[in-house]
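The primary structure of each chain is shown beneath.
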Amino acid sequence: MIYFADLHIHSRYSRATSKSLDLEELAYWARLKGIQVIGTGDCLHPEWMKELKTRLEPAEPGLFKLKSAYERDVKRRLPAACQGEVRFLLSTEISSIYKKDNKVRKVHNVLFFPSFEIADNVFKRLDRIGNLHSDGRPILGLDARDLLEIVLEADASNVLVPAHIWTPWFSVLGSKSGFDSIEECFEDLTTCIFALETGLSSDPLMNWRLSKLDAFVMMSNSDAHSAPNLGRESTMFDTDLSYPAMMDAMRNNSKGLAGTVEFFPEEGKYHYDGHRACHCRLHPKETIVHKGVCPVCGQGVTVGVMTRVEELADHPEGRKSPRGRPYYSLIPLPEIIGAARGMGVGSKSVQETYETALRELGPEMKILMELPIEAIGEVTGGLIAEGVNRVRQGKVSIAAGYDGEYGTINIFSEQERQGSKGQMTLF
């Protein structure tokens, strides 16, 4: 059975995250989204680790579940159609900022651990190097290669995955502070890296343009800073529910790695080049014309993922890696509902329709990927169902994100929205 995993998230102990991000909230939203395995995020933060040990108990090998006292409260809030099981996997993100080859490097990596004891061992080693107490995503002046060595010396079953590998400011291949290859970063330990995280601003197709990335499988995660953003990207597994099975599927690129769920990369915050302060969005060709500076203020623009991929690519668009897996580009259901209504995702009307859809049809991932469009239309109305259909077919228009601004989606014309008023269905 295929299940979805979102293994890179955060807790309320990370900066710029929702203060409601506790285990119950994560378990609740994971079920609404249809995610079966979620990372704990921030598991090396002492206060969060204390909560994890208090509220979780062992489930399948290397996975955990909420203790029954906390689980009852979560299930009481859920609609009957979303009463699935959820497992937690111990995870954290580390920010390494250090100087290498006369350049400041800023690289984010996600770590996975199969037990509290092993995570505690890594904590003791890293706590001697930097401050793990002030932020759930700690910043360490530690070479990413040396971080990997420490993690593997603590236990061979630990896993390090370079995070959102193209983000300009904080990633292994980022334009501002990264490297030109994975090997430059991890040197002799590169063979211990088997997976890379695409990030919101790239998808597997973009990564497949680089033959130097063929040695790695692509995984996707939401990097959620609030519970409603869970599952906006995820990795699909077809394995037994366990830490060893999931990691082995990625390590060996086996059939147990079923694919990934992706943002449309244009919707990510760093797809195009640009300068947010001047509201200046530039296609890479425009950046070349303007010689890398903002045409409004004359300062340098933030070079986005599309340009950076083009710089390093050795294949044209459309090439598939020998290790490539299927991927599915989706837009979260509240955004589709908002697009059909011409409203923001936080509006009361959008939230009520979203809740009705979950109550009548089941988890969001099931609605977006599996259910017949006609069945969706019977509950939500025809325009929303047509929006799901268009997203499945990739028939959406997006003004690409740039310099920290998310892209803007356009699924319907104003004429279509106006014409749908008063109609319950288009079928």
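This structure is a prediction, so every number in the text was calculated from the model and none was measured. (Residues numbered from 1 in each chain as written. Predicted model: local features only at pLDDT ≥ 70, side-chain atom pairs only at ≥ 80, totals over all residues. Heavy atoms only, no water.)

Trainee: Mind showing me how you'd approach the overall build of the protein here?
Mentor: Helices and strands together make up the secondary structure of the protein, namely 16 helices and 17 strands. Taking 22 Å as the expected radius of gyration for a compact globule of 427 residues, we find that the protein reaches 21 Å, a close match to that expectation. If one aligns the C-alpha atoms of the protein with their principal axes, the spans along those axes are about 65 × 60 × 40 Å. Long-range contacts, defined here as pairs at least 24 residues apart, represent 70% of the contacts in the protein between residues at least 6 apart. Taken as a whole, the protein presents about 17300 Å² of accessible surface, with 50% of it coming from carbon and sulfur. (Helix = DSSP H or I, 4+ residues; strand = E, 2+ residues; numbered from the N terminus. Rg over C-alpha atoms; globule rule 2.2 N^0.38 Å. Contact = heavy atoms within 4.5 Å. Areas by Shrake-Rupley, 256 points an atom, 1.4 Å probe, with all protein chains shown as cover.)

Trainee: Quick question: what am I supposed to make of helix α8 (residues 243–251) here?
Mentor: Because the α-helix completes a turn every 3.6 residues, residues three or four places apart line up on one side. Buried within α8 are the following residues: Y243, M246, M247, A249 and M250. One face of α8 carries all of its buried residues, which in axial projection span an arc of 155°. Capping of α8 at its N-terminal end is provided by S242; its side-chain oxygen lies 3.1 Å from the backbone amide nitrogen of A245. N253 sits one or two residues past α8 and shows a positive phi near 50°. (Buried < 20%, exposed > 50% of the residue type's maximum accessible area, 1.4 Å probe, protein only. Arc of directions from axis to C-beta. Polar contact = N/O pair within 3.5 Å; in protein donor to acceptor, adjacent residues only side chain to side chain.)

Trainee: How should the packing of helix α4 (residues 116–127) against helix α5 (residues 144–154) be read in this particular structure?
Mentor: Packing of α4 against α5 leaves a shortest axis separation of 9 Å and a crossing angle of 140°. By the angle class used here, α4 and α5 are oblique. Along this stretch, α4 crosses α5, giving a crossing that reads as right-handed. Two secondary-structure elements touch here, α4 through N121, V122, R125 and L126 and α5 through L147, I150, E153 and A154. (Axes fitted to C-alpha atoms, helices over the stretch in contact; angles between N-to-C directions. Parallel < 35°, antiparallel > 145°, perpendicular 65-115°, else oblique. Left-handed = near helix turned anticlockwise from the far one by under 90°.)

Trainee: I'm lost on the packing of aromatic side chains in this one. Help?
Mentor: Centre-to-centre distance and the angle between the planes together describe a pair of aromatic rings. Inspection of the entire model under this criterion finds 5 aromatic pairs. The interplanar angle of 90° and the centroid separation of 6.0 Å between the aromatic rings of Y28 and W29 together place this pair among those described as edge-to-face. Judged by centre distance (5.9 Å) and plane angle (75°), the ring pair of W208 and Y327 falls under edge-to-face. A residue pair is termed long-range when its members are at least 10 positions apart, and W208 in the loop between α7 (204–207) and β10 (217–219) and Y327 in strand β15 (residues 327–329) qualify at 119 residues. Given a relative accessible area of 23%, Y327 falls into the partly exposed group. (Phe/Tyr/Trp six-rings, centres within 6.5 Å; stacked < 30°, edge-to-face > 60°.)

Trainee: Would you take a moment to explain the pairing of strand β8 (residues 159–162) for this structure?
Mentor: Within a regular strand, side chains alternate between the sheet's two faces. Burial along β8 is two-sided: the face carrying V159 and V161 and the face carrying L160 and P162 are both buried. When strand β6 (residues 103–113) meets β8, the two strands line up antiparallel, connected through 4 bridges. Across the sheet, N109 pairs through a bridge with P162, a residue of β8. (Pairing = 2+ DSSP bridges.)

Trainee: Looking at this model, I keep getting lost on helix α2 (residues 46–55). Mind explaining?
Mentor: Every buried residue belonging to α2 is among W48, M49, E51 and L52, and all of these are buried. Projected down its long axis, α2 shows its buried positions confined to an angular sector of 160°, all on one face. Against the buried residues of α2 lie α1 (23–33), β3 (56–58), β5 (87–100) and α4.

Trainee: What am I meant to see in the confidence of the model for the protein here?
Mentor: A low pLDDT means the predicted coordinates there should not be read in detail. On average, residues of the protein carry a pLDDT of 95, and 98% of them reach 70 or more. Every residue in residues 422–427 is under pLDDT 50, and counting partners more than four places away or in other chains gives 12 contacts. (pLDDT = per-residue confidence, 0-100.)

Trainee: Would you take a moment to explain the pattern of salt bridges for this structure?
Mentor: Once their charged atoms are close, side chains differing in charge can pair, the charge on each being opposite to the other. Under the definition given, this model contains 27 salt bridges. Here E310 ties to R209 by a salt bridge, and the two come within 2.9 Å at their closest N and O atoms. Of this pair, E310 sits in helix α10 (residues 305–312) while R209 sits in the loop between α7 and β10, and the two are 101 residues apart along the sequence. Classification of R209 as buried rests on a relative accessible area of 10%. The partner of E311 in a salt bridge is R308, with the nearest N and O atoms 3.1 Å apart. Taken together, the positions of E311 and R308, both in helix α10 and 3 residues apart, correspond to about one turn of that helix. Judged by its relative accessible area of 51%, E311 falls in the exposed class. Assessed through its relative accessible area of 7%, R308 is described here as buried. Three or more residues are tied together by salt bridges with common partners; here these are E60, K75, E85 and R87. (Salt bridge = Lys/Arg side-chain N within 4 Å of Asp/Glu carboxyl O.)

Trainee: Help me understand the nonpolar core, please; the structure alone is not making it clear to me.
Mentor: The nonpolar side chains of a soluble globular protein tend to be buried, and buried together. One finds F88, L126 and L213 to be the most contacted residues of the largest nonpolar core, which totals 101 residues. Not counting the four nearest positions on each side in its chain, F88 is found in contact with L23, L26, A27, I38, G39, T40, L56, G62, L63, F64 and L66. Among the nonpolar cores identified, the runner-up in size contains 22 residues, and L7, V37, A195 and L257 belong to it. (Core = buried A, V, L, I, M, F, W, Y, C linked by side-chain atoms within 4.5 Å.)

Trainee: How should I be thinking about the environment of M250 in this particular structure?
Mentor: Along the chain, M250 falls in helix α8. Given a relative accessible area of 0%, M250 falls into the buried group. Residue contacts for M250: discarding those within four places in its chain leaves F194, A195, V217, M219, F237, L257 and R323.

Trainee: Would you mind going over the packing of α2 against α4 with me for this structure?
Mentor: Packed helix pairs are specified by the crossing angle of their axes together with the interaxial distance, meaning the distance between the axes. Taken N-terminus to C-terminus, the directions of α2 and α4 make an angle of 170°; their axes are 12 Å apart at the nearest point. Viewed along their axes, α2 and α4 adopt a mutual orientation that is roughly antiparallel. Of α4, the residues touching α2 (which contributes P46, M49, L52 and K53) are F116, A119, D120 and F123. Residue classes in the contact of α2 with α4 are distributed as 6 nonpolar, no polar and 2 charged. (Nonpolar A, V, L, I, M, F, W, Y, C, P; charged D, E, K, R; others polar.)

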